[in-house]
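Working through the structure, step by step
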Amino acid sequence: ITTVANIDVTTTPSKPFRDVPGPKSMPVIGQLYHFLPGGLLYNLRGSNLHNFLYEKYGPVVKMKGHFGAKDSILLYDPEVALQIYRSENSTPIRIGFFAAQHYKHVVKKEKGEERKYSGLIFDHEETWREIRTHVNPVMMQAKSLKPYAEPLDEIAQEAVARMKCIRNENNMIENNLLEEFMSYVLEFTGIIALGRRFHAFDANIREDSLTRQLLRNVQDFFALSDKLDFQPNLWRYYPNKTFKTAMKFLEDAEKLNEKLLRTAMEELKTNPKPEEKKGVLEKLAEKNEEVALAFADDMFFVGVDTLANGIISVLYLLANNPDKQNKLREEIMSKESRRPYLRACIKEAARMRPVAFGNLRLTTTGYNVFDYEIPKDTMVLFCHEHMSLREDQFPQPNQFIPERWLVDKDHPLYHGNAHPSAAVHFGYGARGCVGRKAADMEMEILISRIIESFRLQWRGKPMPVYQSVSNHNMAPYNFIFNDV
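What counts and how
Residues numbered from 1 in each chain as written. Predicted model: local features only at pLDDT ≥ 70, side-chain atom pairs only at ≥ 80, totals over all residues. Heavy atoms only, no water. Helix = DSSP H or I, 4+ residues; strand = E, 2+ residues; numbered from the N terminus. Rg over C-alpha atoms; globule rule 2.2 N^0.38 Å. Buried < 20%, exposed > 50% of the residue type's maximum accessible area, 1.4 Å probe, protein only. Areas by Shrake-Rupley, 256 points an atom, 1.4 Å probe, with all protein chains shown as cover. UniProt positions renumbered as here; feature names shortened; annotations may be inferred. Contact = heavy atoms within 4.5 Å. Patch = residues over 30% accessible without salt bridge, like charges linked within 9 Å, V, L, I, M, F, W, Y side chains within 5 Å. Salt bridge = Lys/Arg side-chain N within 4 Å of Asp/Glu carboxyl O. Polar contact = N/O pair within 3.5 Å; in protein donor to acceptor, adjacent residues only side chain to side chain. Phe/Tyr/Trp six-rings, centres within 6.5 Å; stacked < 30°, edge-to-face > 60°. Lys NZ or Arg CZ within 6 Å of the ring centre and 35° of its normal. Pairing = 2+ DSSP bridges. Axes fitted to C-alpha atoms, helices over the stretch in contact; angles between N-to-C directions. Parallel < 35°, antiparallel > 145°, perpendicular 65-115°, else oblique. Nonpolar A, V, L, I, M, F, W, Y, C, P; charged D, E, K, R; others polar. Expected span 1.5 Å × (residues − 1). Bend = angle between axes of the 7 residues up to and from the residue. Core = buried A, V, L, I, M, F, W, Y, C linked by side-chain atoms within 4.5 Å.

1. Side note on the overall build of the protein
When its secondary structure is counted, the protein shows 15 helices and twelve strands. In terms of overall size, the protein behaves like a compact globule, its C-alpha atoms giving a radius of gyration of 23 Å where 484 residues would be expected to give roughly 23 Å. In terms of its C-alpha atoms, the protein occupies a principal-axis envelope of roughly 65 × 60 × 45 Å. By the burial criterion, 54% of the 484 residues in the protein qualify as buried. Carbon and sulfur atoms make up 51% of the accessible area of the protein, which totals about 22,000 Å².

2. Focus: the UniProt feature "binding site: heme" (unreviewed entry) in the protein
When the UniProt feature table is mapped onto this chain numbering, "binding site: heme" (unreviewed entry) sits at Cys433. Considering the arrangement of structural elements, one finds cysteine 433 in the loop between α14 (384-388) and α15 (436-453). For cysteine 433, a relative accessible area of 31% gives the class partly exposed. With residues up to four places along the chain from it excluded, the contact list for cysteine 433 reads Arg94, Arg132, Met140 and Phe426.

3. Brief notes about a nonpolar patch on the surface
Taken together, the side chains of Val28, Tyr237 and Tyr238 define a hydrophobic patch exposed on the protein surface, amounting to about 330 Å² of accessible area. Among the secondary structure elements, valine 28 is positioned in the loop between β1 (7-8) and α1 (46-57).

4. Focus: the environment of aspartate 208
Of note, aspartate 208 is situated in the loop between α7 (177-194) and α8 (210-230). Measuring from C-alpha to C-alpha, the distance between aspartate 208 and proline 375 comes to 50 Å, with 167 residues separating the pair along the chain. There is a polar contact of 2.5 Å between the side chain of aspartate 208 and the side chain of arginine 206.

5. Some words on the packing of aromatic side chains
This model, assessed by the stated rule, comprises 18 aromatic pairs. Considering the side-chain rings of tyrosine 85 and tyrosine 428, the 4.6 Å spacing of their centres and the 10 degrees angle between planes classify their relative orientation as stacked. Of this pair, tyrosine 85 sits in helix α2 (residues 78-87) while tyrosine 428 sits in the loop between α14 and α15, placing them 343 residues apart in sequence. Tyrosine 85 gets classed as buried once you look at its relative accessible area, which sits at 6%. Tyrosine 428 sits in the partly exposed class, given a relative accessible area of 25%. A centroid spacing of 6.4 Å and a plane angle of 40 degrees characterise the contact between phenylalanine 249 and phenylalanine 301, whose relative ring orientation is tilted. Here phenylalanine 249 is found in helix α9 (residues 241-270), whereas its partner phenylalanine 301 is found in helix α11 (residues 289-319), with 52 residues between them in sequence. Here a set of aromatic residues connected by ring pairs shows up, and it is made of Phe97, Phe221, Phe222, Phe249 and Phe301. One cation-aromatic arrangement involves lysine 15 over tyrosine 372; the distance from NZ or CZ to the ring centre is 4.7 Å.

6. Side note on the sheet that holds strand β5 (residues 359-362)
Taken together, the five strands give an open sheet; going across it, the order is β2-β3-β8-β5-β4, and neighbouring strands pair in mixed fashion. On the outer flanks of this sheet lie β2 (60-63) and β4 (93-94), each paired with one strand and no other. Examined bridge by bridge, β5 and strand β8 (residues 379-382) share four bridges and lie antiparallel to one another. Paired with leucine 360 across the two strands is leucine 381, which belongs to β8.

7. What to know about the packing of helix α12 (residues 322-333) against α15
Relative to each other, α12 and α15 sit at 105 degrees, their axes nearing to 9 Å. Accordingly, the angle class assigned to the pair α12 and α15 is roughly perpendicular. On α15, the residues touching Gln325, Leu328, Arg329, Ile332 and Met333 of α12 are Ile447, Ser448, Ile451 and Glu452. Broken down by class, the residue content of the contact of α12 with α15 amounts to five nonpolar, two polar and two charged.

8. Thoughts on the environment of proline 375
Here proline 375 is to be found in the loop between β7 (372-374) and β8. Placed 359 residues apart in sequence, proline 375 and proline 16 show a C-alpha to C-alpha distance of 9.4 Å. Once you skip the residues sitting within four places of it in the chain, proline 375 turns out to touch Phe17, Thr363, Thr365 and Gly366.

9. What about α11?
The terminal C-alpha atoms of α11 lie 44 Å apart, and with 31 residues this matches the ideal 45 Å at 1.5 Å per residue to within 8%. At glycine 303, α11 shows its strongest bend, of approximately 40 degrees.

10. Digging into the side chain of asparagine 288
Tracing the backbone shows asparagine 288 in the loop between α10 (280-287) and α11. Sequence-distant contacts of asparagine 288, that is, excluding residues within four places in its chain, are made with Tyr117 and His134.

11. Quick look at the nonpolar core
Membership of the largest hydrophobic core comes to 109 residues, with the highest contact counts inside it found for Phe181, Phe221, Leu281, Phe295, Ile447 and Phe479. Per-element tally for this core: the top contributor is α11, with 21 residues. Beyond its immediate chain neighbours, meaning those up to four positions away, phenylalanine 221 contacts Phe97, Ala100, Phe122, Phe249, Leu250, Phe301 and Val302. Residues Tyr85, Tyr372, Trp405 and Ala418 belong to the second largest nonpolar core, which totals 21 residues.

Structure below.
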């Protein structure tokens, strides 16, 4: 794929960091003026923005930080991405959710409330490694997750029954479909995290219930992160209203997650469960309560919204490709335990409409990339969504072709012809997503139940994606759920 040596960690680069190509910038506001009417980047978002930057500036682009944020490098070359991944130390620093990290590590410290662990998405280096060492055995081994399959399938069947009930006369669901699917995923999370049901999609659930509060917390977490981390904001200079709202929200949400775990542990004392009925957080808390408290924030902040969006993306692509949907339904109806086509559909959806548009790292050493200096402690965004939608990586990249993940090596669509780091949407190496196996299991179970029950259709314009701290599928959700 790459025919020249693009990266070298030993040779001194001939071009300084300041010369890395990118849109011109101004003091304080960086490149923001380019996004205003008449600007170079006006009305460009998501994949359109990355396509433009790649075509105009090449595979390495510098974006200036604004209002106190650090400068960042956008990388569009999969070979460079792979070599940097492999050159990082044993505890690579994956950054993001900057305002939430500020709360965890600055605000709490100032109050004298800082915990030993803040979570896998907030901690780094040795502290992160300690959490990961405890979490891996219960989240990364299939045998540890297998006991949850049956209760998750019961939830999936209940979700399908609810979907049938809330359809209108046109077999469409008028509820906000993302919120609807978030309630299903929250129910999954309750089983895996705490071995309990939240009854998140009961018809008579009260707005002031614990479950509704957990769902609002997920929505607020991403909404506030969007305002503080992705949109222009002055919070790094002074604590404005949005920042104060976010800090109060994070404090309240953290306390709620802590209360959930402590209540569960008290219940275990009076009503012990067999090991296979315990949730992940309960198992962790029995060995290290501080780790369990930190991981609770990971599970309830990040896992719900992202998985719901991922499921909707798969269903959207199946609805728009009825031949693929029929092929998947045949596999599901066969009742075979192995479902390779289902897994291929999920992989293909992650390639085309990934929840994470890239991986963000803080370099732990300096690099020579295309003869440009990339210093240590530089924010680097590996733009995997862009890479996985390029013709030179995946032929017919905008076509939903699950077969590319199943065909033989000599087939022109064979996915292995792409660079191994072109489509890396669950992270890479040690900092790969710890919840991937659980997410795959939940997706397979719910999608299977939906496809065996409904013939999906899509009506109207394509479903847009809003790119922020993650990719969000946007309304209207014009699915038609016809009975099989």
